[in-house]
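Here's the letter readout for the chains.
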Amino acid sequence: NAELVDAFAAGQVSLLREVEPELLQMENPYDRSARDDAGVTYAWDHVLYDGQYYSYYGIAPVLVLFLPYHLITGNYFPTVWAVWLFGAVGLVFLGLTYYQFVKKFFSGIANGIAICGLLIALMISGVWFCFCVPNFYEIAQNAGFAFVTAGAYFLLSSNVVGTGRISKWKLALSSVFLSLGVLSRPTLAVYCIAALLFIICGARKLIKTAKKPGYKNNKAALCRYLCAGLVPYILIGSVQMVYNWLRFDSFFDFGIQYSLTVNDFTNTQFAVPLTLVGLYNFIFTVPNFSTSFPFVHSNYSVLSVNGYYF
């Protein structure tokens, strides 16, 4: 909420913080043990590339919230409120997506069953854990959650699957939000790939409808449909690709291997203890609700392996 805002306001993609000289002199600055042994200071969980610090985390929260707020007010939007805001929006759209799903495919079930399903869908979401520790990780996670659930809602309500007339503007909104999800967390691109399958189904549905008597301008209608579904991916995806190139000289490099974190991602490792911590916390560390902000609290167990995970 501040580092990238300041960098973008200064007209650059690298962070304003200068890299410590002793870090640059290391043979392998990505080795956490070597950094600890050398006693050097560095920006934790930031990306080091070509002598500059970068942020690995997505730029969508900066572009839609932090930077506009800073330019208008001169202040920085609070992290804790950003995490809460994105999480709340995501939970609302998760409920709306569930409602669309039931309405479209299971309209005959009892209201009580539907309501129980809604409560389960909302309560088992891992997003609740993000409210408890609002750091820059949780900004990216909750923003991605909000954009993906909004995209899912508009995708289902656009009627590309099931019955009903296809809504192109809802399809376009779905593509916009899902693309912004990728600009929040790169791994969320998997949802965009899944959405393409829905768009293909909608195209087949449109072609089948166009074959019926009385329909004209079939190719034009299909072209407008494909533009509504695909152009947002192309435009917003291009923003991400250019951002990648400006940082790492590659359109497809998100920079995770240059991250100064627990693992040396230049020599990829898999840490079983960290996975077990995540599994334990997700199942047994149940969030507590209260009337004090941010209304959700929890106690994580680190299990002596360097940090909380969920």
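Let us look at the structure shown here.

Conventions used here
- Residues numbered from 1 in each chain as written.
- Predicted model: local features only at pLDDT ≥ 70, side-chain atom pairs only at ≥ 80, totals over all residues.
- Heavy atoms only, no water.
- Helix = DSSP H or I, 4+ residues; strand = E, 2+ residues; numbered from the N terminus.
- Buried < 20%, exposed > 50% of the residue type's maximum accessible area, 1.4 Å probe, protein only.
- Contact = heavy atoms within 4.5 Å.
- Areas by Shrake-Rupley, 256 points an atom, 1.4 Å probe, with all protein chains shown as cover.
- Lys, Arg positive; Asp, Glu negative; His and termini not counted.
- Charge placed at Lys NZ, Arg CZ, Asp CG, Glu CD.
- Expected span 1.5 Å × (residues − 1).
- Arc of directions from axis to C-beta.
- Core = buried A, V, L, I, M, F, W, Y, C linked by side-chain atoms within 4.5 Å.
- Bend = angle between axes of the 7 residues up to and from the residue.
- Axes fitted to C-alpha atoms, helices over the stretch in contact; angles between N-to-C directions.
- Parallel < 35°, antiparallel > 145°, perpendicular 65-115°, else oblique.
- Left-handed = near helix turned anticlockwise from the far one by under 90°.
- Nonpolar A, V, L, I, M, F, W, Y, C, P; charged D, E, K, R; others polar.

## Points about the overall build of the protein
Step number 1: Helices and strands together make up the secondary structure of the protein, namely twelve helices and four strands.
Step number 2: Along the three orthogonal principal directions, the C-alpha set of the protein runs to about 75 × 45 × 40 Å.
Step number 3: Out of the 310 residues in the protein, the part that is buried amounts to 43%.
Step number 4: Taking contacts inside the protein between residues at least 6 apart in sequence as the whole, the part at least 24 apart equals 68%.
Step number 5: Of the roughly 16600 Å² of accessible surface on the protein, a fraction of 66% belongs to carbon and sulfur atoms.
Step number 6: Taken together, the 18 basic and 15 acidic charged side chains of the protein have centroids lying 38 Å from each other.

## Describing helix α12 (residues 272-284)
Step number 1: The terminal C-alpha atoms of α12, which comprises 13 residues, lie 18 Å apart, in line with the 18 Å expected from a rise of 1.5 Å per residue.
Step number 2: For α12, the set of buried residues is Leu-274, Val-277, Gly-278 and Asn-281. The buried residues of α12 all sit within an arc of 100° when viewed along its axis, so they share a single face. Within α12, the exposed residues directed more than 90 degrees away from the buried face are Leu-279 and Phe-284.
Step number 3: Those residues of α12 that are buried lie in contact with α7 (127-132).

## Comments concerning the environment of Ala-140
Step number 1: Relative to the assigned elements, Ala-140 resides in helix α8 (residues 136-157).
Step number 2: Residue classification places Ala-140 among the buried positions, given a relative accessible area of 3%.
Step number 3: Spatially, the C-alpha atoms of Ala-140 and Gly-95 are 21 Å apart, while their sequence positions differ by 45 residues.
Step number 4: The contact partners of Ala-140, leaving out residues within four places of it in the chain, are Tyr-57, Ser-184 and Arg-185.

## Topic: the nonpolar core
Step number 1: Ranked by size, the top nonpolar core spans 43 residues in total, and within it Phe-8, Leu-23, Tyr-53 and Phe-66 carry the most contacts.
Step number 2: Of all the secondary-structure elements, those providing two or more residues to this core are α1 (3-9), β1 (47-49), β2 (52-54), α4 (60-73), α5 (79-105), α8 and α11 (218-248).
Step number 3: If we ignore the near neighbours within four places in the chain, the residues touching Leu-23 are Pro-29, Arg-35, Val-40, Tyr-42, Leu-48, Tyr-53 and Leu-260.
Step number 4: In terms of nonpolar packing, the next biggest core, distinct from the first, is built from 17 residues, Ile-166, Val-182, Ala-195 and Ala-203 among them.

## Details of α11
Step number 1: Helix length check: α11, at 31 residues, gives a terminal C-alpha distance of 44 Å against a target of 45 Å (1.5 Å per residue), a fit within 8%.
Step number 2: The sharpest bend along α11 comes to roughly 40°, located at Leu-230, with the proline Pro-232 sitting one to four residues further on.
Step number 3: Asp-249 sits one or two residues past α11 and shows a positive phi near 60°.

## Structural notes on the packing of α5 against α8
Step number 1: Look at α5 against α8: their axes get within 7 Å of each other, and the N-to-C directions meet at 25°. If you check the angle between α5 and α8, you find them roughly parallel. Read as a crossing pair, α5 and α8 show a hand that is left-handed.
Step number 2: For the contact of α5 with α8, the class distribution of residues is 19 nonpolar, eight polar and two charged.

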